[in-house]
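# Analysis of the macromolecular model
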Amino acid sequence: MASSLDSWCLSLIVVLAAVGRATAVGYYTPVFHPTAWKLAYATFYGDETASATMGGACGYGNLFTNGYGTATAALSTVLFNNGYSCGQCFQLRCVNSQWCYKGSPTTTITATNLCPPNWSEDSNNGGWCNPPRSHFDMAKPAFMRIAQWKGGIVPVMYRRVPCVRQGGLRFSFQGNGYWLLVYVMNVGGGGDIASMWVKGSRTGWISMSHNWGASYQAFATLGGQSLSFKITSYTSHETVIAYNVAPANWQVGMTYGSNVNFH
């Protein structure tokens, strides 16, 4: 009996050790899962180069160098959610239009910009992004993955999907000696941010306020200190901590990487 108990205990220890190793090398159950399909409409802006999509209300700057490429879209006010939707990933497919490709293929885009209302146009004739419409104004290359560009505007089905990112969260610094403005990029999982804190090597955790888009700010003197960040996802409420992201000699205008991300 004792021998059987010892064998069972040993087996349990081996299983737990195996689970621990799996977690350490990155095997995990995603926290955020795809949502149900909903109906919206989609247009496109810019040309095939997607150069007109650079920058944008989320503050991601050069979408090519920052890893977003041409698979992006500007969201109508309802979907943009005051910038809390920045970084979210959506899967879209064209439906019920002669301009849809055969088989209704899907494409996945990242929200990087705001499509503002145009109150001089009727919501059903030009004012496509007017509230309460759900609308995606896509980079032209992304639009052309689901429909012929000649269609101009097409109905789409869309759903939120997990953002699959390579590497960790990235932090782009702006501001001055008394004000730190941080744009957070390459966010996995839900792709979005609800709240954020910064910690200097000589401070406790300082709550940062939402500025706009994907940027958060702290009014504090943090020069000469290495900086760590704590971030909570808007969608999944998961919290991760990126320790010692920036060295003590950090500078504004620089982007610093981390080794943590959301699932």
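Now for a quick tour of the structure. Keep in mind that what you see is a predicted model, and the values were worked out from it rather than measured.

Taken as a whole and judged by the stated rule, the model has four disulfides. Sulfur-sulfur distance for the disulfide between cysteine 89 and cysteine 163 comes to 2.1 Å. Disulfide cysteine 89 to cysteine 163: torsion about the S-S bond roughly 120°, handedness right-handed. Note that cysteine 89 is positioned in strand β3 (residues 89–94) and cysteine 163 in the loop between β6 (154–161) and β7 (170–176), a separation of 74 residues in sequence. Cysteine 163 matches cysteine 89 in its accessibility class, with the two residues each being buried. Bridging cysteine 94 to cysteine 100, the disulfide has an S-S length of 2.0 Å. Between cysteine 94 and cysteine 100, the disulfide has an S-S torsion of -70° and is therefore left-handed.

Once that is clear, we can look at the environment of valine 156. Note that valine 156 resides in strand β6. Judged by its relative accessible area of 0%, valine 156 is buried. Remark: the alpha-carbon pair of valine 156 and cysteine 100, spanning 56 residues in sequence, is separated by 9.3 Å.

Following the sequence through the fold, isoleucine 193 ends up in the loop between β8 (179–185) and β9 (195–200). Taking the C-alpha atoms as reference points, isoleucine 193 and glycine 83, 110 residues apart in sequence, are found 9.4 Å from one another.

This part takes up the side chain of asparagine 261. The residue asparagine 261 is located in the segment after β14 (255–257) in this model. Residue classification places asparagine 261 among the buried residues on the basis of a relative accessible area of 15%. Side-chain polar atoms of asparagine 261 contact the backbone oxygen of glycine 167, separated by 3.1 Å. Here the side chain of asparagine 261 touches asparagine 186 through a polar contact of 2.9 Å, landing on its backbone oxygen. Discounting chain neighbours no more than four positions away, the residues touching asparagine 261 are Arg165, Gly167, Gly168, Leu169, Asn186, Val187, Gly188 and Val240.

What counts, and where the lines are drawn
For every chain, the first residue of the written sequence is number 1, and numbering continues from 1 along that sequence. Local features in a predicted model are, by the rule used here, given only for residues with pLDDT of at least 70; side-chain atom pairs are given and counted only at 80 or more, and totals for whole chains, interfaces and linings are based on all residues. Each side-chain value is worked out from all heavy atoms of the structure, with water and hydrogens disregarded. When the sulfur atoms of two cysteines come within 2.5 Å, that pair is taken as a disulfide. By the criteria applied, helices consist of DSSP H or I runs no shorter than four residues and strands consist of E runs no shorter than two, each listed in order from the N terminus. For each residue, the accessible area found with a 1.4 Å probe, counting protein chains only, is set against the maximum for its type, and the residue is called buried under 20%, exposed over 50%, and partly exposed in between. Pairing of N or O atoms within 3.5 Å defines a polar contact, subject to two protein rules: one partner must be a possible hydrogen donor and the other a possible acceptor, and residues neighboring in sequence count only if both atoms are side-chain atoms. The contact rule is simple, with two residues in contact once any of their heavy atoms fall within 4.5 Å.

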